[in-house]
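Examining the three-dimensional arrangement
Below, each chain spelled out in residue letters.
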Amino acid sequence: MTLSLDALDTPLLGIAAWSGTGKTTLLEALLPRLAEAGMQVAVIKHAHHAFDVDRPGKDSYRLRQAGATPMLVASGKRFALMMETPEREEADLAALIPHVLPLAPDLILVEGFKAWPLPKLELHRQAVEKPLMAADDPWVRAVATPDDIALPNGVERLSMDDHDALIDWLQAWPQRWFEMRRGPRETS
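The protein chain has the name Molybdopterin-guanine dinucleotide biosynthesis protein B in an unreviewed UniProt entry, where Chromohalobacter sarecensis is given as its organism.

**A word on the pattern of salt bridges**
Any two side chains of opposite charge can pair, on the condition that their charged atoms come close. All chains considered together, the criterion is met by eight salt bridges. Taking the shortest distance from any N to any O, the salt bridge between lysine 45 and glutamate 111 comes out at 3.5 Å. Placement of lysine 45 in strand β2 (residues 41-45) and of glutamate 111 in strand β5 (residues 107-111) is noted, with a sequence separation of 66 residues between them. Relative accessible area serves as the criterion here: at 4%, glutamate 111 is assigned to the buried category.

**With respect to a nonpolar patch on the surface**
Taken together, Leu72, Phe79, Leu81 and Leu103 make up a surface patch of nonpolar side chains, about 400 Å² in accessible area. The topology assignment puts leucine 103 in the loop between α3 (93-100) and β5.

**Points about unusual backbone geometry**
Residue proline 70 follows threonine 69 across a cis peptide bond; omega there is 0°. With respect to the element layout, proline 70 can be found in the loop between α2 (59-65) and β3 (71-74).

**Concerning the packing of helix α1 (residues 23-36) against helix α4 (residues 163-180)**
It is the contact of α1 with α4, at a shortest axis distance of 10 Å, that shows an interaxial angle of 60°. When the axes of α1 and α4 are compared, the crossing they make is right-handed. Taken together, the residues of α4 that come into contact with α1 (itself represented by Leu26, Ala29, Leu30, Arg33 and Leu34) are His163, Asp164, Leu166, Ile167, Leu170 and Gln171. Classifying every residue of the contact of α1 with α4 gives seven nonpolar, two polar and two charged.

**Quick word on the side chain of aspartate 137**
Structurally, aspartate 137 can be placed in the loop between β6 (120-123) and β7 (140-145). In this structure the side chain of aspartate 137 is engaged in a polar contact, spanning 2.8 Å, whose partner is the backbone nitrogen of tryptophan 139. Residue contacts for aspartate 137: discarding those within four places in its chain leaves Lys114, Lys120 and Arg185.

**Here's the deal with the nonpolar core**
In terms of nonpolar packing, the biggest core is built from 40 residues, with Leu12, Leu13, Leu93 and Leu121 touching the most fellow members. Listed by contribution, the elements that provide at least two residues to this core are β1 (12-16), α1, β2, α3, β5, β6, β7 and α4. Looking at this core, the element that brings in the most residues is α4, giving seven residues. Among residues more than four places away in sequence, those in contact with leucine 12 are Leu3, Leu5, Ile97, Leu107, Ile108, Val110, Leu118, Trp173 and Trp177. Of all hydrophobic cores here, the second largest spans seven residues; its members include Ala134, Val143, Ile149 and Val155.

**Looking at the packing of aromatic side chains**
Taken as a whole and assessed by the stated rule, the structure comprises two aromatic pairs. Relative to tryptophan 116, the ring of phenylalanine 113 lies with its centre 6.5 Å away and its plane at 75°, an arrangement referred to as edge-to-face. Relative accessible area serves as the criterion here: at 6%, phenylalanine 113 is assigned to the buried category. The residue whose ring lies beneath lysine 130 is tryptophan 18, and the NZ or CZ to ring-centre distance is 5.4 Å.

The rules behind the values
- Residues numbered from 1 in each chain as written.
- Predicted model: local features only at pLDDT ≥ 70, side-chain atom pairs only at ≥ 80, totals over all residues.
- Heavy atoms only, no water.
- Salt bridge = Lys/Arg side-chain N within 4 Å of Asp/Glu carboxyl O.
- Helix = DSSP H or I, 4+ residues; strand = E, 2+ residues; numbered from the N terminus.
- Buried < 20%, exposed > 50% of the residue type's maximum accessible area, 1.4 Å probe, protein only.
- Patch = residues over 30% accessible without salt bridge, like charges linked within 9 Å, V, L, I, M, F, W, Y side chains within 5 Å.
- Areas by Shrake-Rupley, 256 points an atom, 1.4 Å probe, with all protein chains shown as cover.
- Axes fitted to C-alpha atoms, helices over the stretch in contact; angles between N-to-C directions.
- Left-handed = near helix turned anticlockwise from the far one by under 90°.
- Contact = heavy atoms within 4.5 Å.
- Nonpolar A, V, L, I, M, F, W, Y, C, P; charged D, E, K, R; others polar.
- Polar contact = N/O pair within 3.5 Å; in protein donor to acceptor, adjacent residues only side chain to side chain.
- Core = buried A, V, L, I, M, F, W, Y, C linked by side-chain atoms within 4.5 Å.
- Phe/Tyr/Trp six-rings, centres within 6.5 Å; stacked < 30°, edge-to-face > 60°.
- Lys NZ or Arg CZ within 6 Å of the ring centre and 35° of its normal.

This is the structure:
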């Protein structure tokens, strides 16, 4: 499926980083503050391995194994929509976004779909000893880092340790979405 950003009114922002950079830890710190500020933020997270939110022997697991597609299990506190996709090598972001849109989030953060063409905030730590993604990915709009590193032209620098500034930047993203979704930044 193809992802058409021009047709999407709900702002998307990829959170791109190498493993060990601290994506989850940073999002754990920022998400409650965004909620306190009145933003409903959805997260779509890519998993690199087979995973299961269900347990063998439970009714929902048994029904899914019997062919329920999808299987939705719900309580008063939460629900989980599970669907087997054995024909896919990788998760299809364009097919996942429509599952979140009816919940009307103010922002959808997309974690782990590094290769997808969508605007991104890169988290970078020199200590991880991996290259800066922004150097090769024109969709990276900003880099949050604790390090003094050179950034490509047109890429904003944010301090990974300044959570107030990151909150401000993320709260402003929905207003910037219509401009930023048009395509990658200019590269020289």
